[in-house]
Amino acid sequence: MIQYSKYKNFLNKIKYAIGSNLISLLVSVLTTLLIPKYLGNIEQYGYYRMYLFYASYVGLFHLGWCDGILLKDGGKKYEDLDKAKYSSQFWLLCLTETIIFFSIIIGTLLYSDNSNTKFISCLVASNLIVYIPTLMLSYFLQMTNRIREYALIISFNKFAHILIIIINFIIGTQKYELFVLGEFTSQLFGLGYACYICKDIISVKPIKLIEAVKHASKYIYIGSKLLFSNLASMLITGIVQWGVQLKWDVTTYGKISFTLSISNLVLTFINAIAIVLFPTLRRIERERLSYIYCKARNMLMIILFGCLVFYCPIRVVLSAWLPQYSESLKYMAFLFPVCVYAAKMTMLIQTYMNVLRLEKIIMKINILGMVIAVVTTVITVFLFENVTLAMVSIVINQIFRCIYAEHELSKHIQITVSKDILIEMLLTVVFVLSNGFVGEWYGAIIYLIFYLIFLFSKKRDVIEKNSCW
């Protein structure tokens, strides 16, 4: 009965997390499918995507602070928290981000001549004093497994964003600047609601400054490895995007970014589950981790490779909806497999490594992946000047990182996954060749046949207790 109660509680937390991410998915659909249709001008959409791209790196400016808190204190109960200590961390973080914010603003105004660059840089900098404090408050909730409250913050933020996007549609806005301002405004709503939920922490009198700085230093030291790891992870794809932006015009960048954003829609639900998994796994006996990993891995890969079956109908619908992007949609055949490996890395491998405190290994793997991304970008973008090869390099880099990371993890939880990895690589190659070169519905049928064979081969692994090869 106790076991059932724990299982039901875990499912409820996943339900809240996925519910909030459904709203995030709706926002992603609006920004990915409706805004480019509405703006019409690919250059305007290119600047909009450029803002979102640079804003995605804002989270790195907490310097590992928030990650350190999550890693060190993850699994605690909310009522047991030393609220004065966490209050001091929150206000000290706000002060730090304000200093960084003013530094970036002054630098931008002094050294940038392009009006679009100035606008985008200033708005990205403004996210420092809004998004990062929200992030820390969200981490307080995540590390104590208060997923419902965390989900409410996300939902409130995204509801505000949806409302602002709809208002822009109604008033006839066709400038990217107003959509960017709308995204930033929704972050303000998210911060306000996060402060309301965590008011019992931030309203407490902070501890002395010297003590607060000592605690902050420890958290930053612990979290810095994960910070550099996350930066390297983002740059595996980001470096290629930067290369495209430097080599070609903003219109080409907009097309490529559009295709990447379509591919990333799948990751929304995966991230939701990862948020719930971390504090839950921290409370589970180490002996059971390998069994849970094998079961979760098999189910996840079946679902993810199953999603690739819908590639062809999705491309047909998108080509009809956004004909100006139809040429760039051919890159989806190369980029869709990125979702499979990025999702496995985010939900399972990295979550498990965080639980086992293997931050150094994650950092080493991601930095190596970043170095390979630099080399492949130089070769594909600047030497061969081939966008298709650049997109293929993203897939290769993600596959390498995922396989290397899982190989390292398997040593610590004592499982063997080499046969699974080979089968999954084969299925990935079949998908890319059938959809990237055969194309149309013939390619879809070829991949479907191979997926059904894969599904049949996995039947025994899902049913049996020992579910890894």
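Preceding block: the structure.
Quick caveat, the model's predicted, so the values are computed rather than measured. Every chain begins its residue count from 1, and numbering advances along the sequence as written. At least 70 in pLDDT is required for a residue's local features to be given in this predicted model, at least 80 for side-chain atom pairs to be given and counted, and no such filter applies to totals for whole chains, interfaces and linings, which use all residues. As a rule here, side-chain values come from all non-hydrogen atoms in the structure, and water together with hydrogens is ignored.

### Quick word on the overall build of the protein
Heads up, the condition is: Helix and strand assignments come from DSSP, with helices taken as H or I runs of at least 4 residues and strands as E runs of at least 2, each series counted from the N terminus. To sort residues, take the accessible area from a 1.4 Å probe on protein chains only and compare it with the maximum for the residue type: under 20% means buried, over 50% means exposed, and anything in between is partly exposed. With residues, only the protein chains shown are counted as cover, and all accessible areas are computed by Shrake-Rupley using a 1.4 Å probe.
Within the protein, the regular secondary structure consists of 19 helices and zero strands. Taking all 469 residues of the protein together, 55% fall into the buried category. Total accessible area on the protein stands at roughly 21000 Å², and carbon and sulfur atoms take up 68% of it.

### Here's the deal with a nonpolar patch on the surface
Rules: Residues forming no salt bridge and having over 30% relative accessible area are the ones grouped into patches, like charges within 9 Å of each other and nonpolar side chains (Val, Leu, Ile, Met, Phe, Trp, Tyr) within 5 Å. The salt bridge definition used is simple: a Lys or Arg side-chain nitrogen within 4 Å of an Asp or Glu carboxyl oxygen.
On the surface, a cluster of nonpolar side chains totalling about 610 Å² of accessible area is made up of I367, V371, V375, I379, L383, F384 and L389. No other element matches the five residues that helix 16 (residues 359-383) contributes to the nonpolar patch. Topologically, L389 is positioned in helix 17 (residues 387-413).

### Re helix 10 (residues 209-247)
Our working definition: Expected span of a helix, by definition, is 1.5 Å for each gap between consecutive residues, and there is one gap fewer than residues. Across the chain, bend at a residue is computed as the angle between axes fitted to the seven residues ending at that point and the seven starting from it.
With 39 residues, helix 10 ought to run about 57 Å at 1.5 Å a step, yet its terminal C-alpha atoms sit only 48 Å apart, falling short of that. Of all the bends in helix 10, the largest measures some 45° and sits at I236.

### A few points about unusual backbone geometry
In this structure, E385 takes a positive phi of about 55° despite not being glycine. Locating E385 in the fold gives a position in the loop between helix 16 and helix 17.

### Some thoughts on the nonpolar core
This is how it is decided: We define the nonpolar core as a collection of buried residues of types Ala, Val, Leu, Ile, Met, Phe, Trp, Tyr and Cys that are connected through side-chain atoms lying within 4.5 Å of one another. We call two residues contacting when some pair of their heavy atoms lies within 4.5 Å.
The biggest cluster of nonpolar side chains holds 134 residues, and the ones touching the most others in it are F305, M353 and M391. Considering every element that reaches this core, the biggest residue donor is helix 15 (residues 332-355), with 16 residues. If we ignore the near neighbours within four places in the chain, the residues touching M353 are L358, I361, I362, I365, A405, E408 and L409.

### Considerations on the environment of L188
Here L188 lies in helix 8 (residues 176-197). Overall, the relative accessible area of 41% leaves L188 in the partly exposed class. For L188 and V130, which are 58 residues apart along the polypeptide, the C-alpha to C-alpha distance reads 6.2 Å.

Read these as spatial facts, not as claims about activity.
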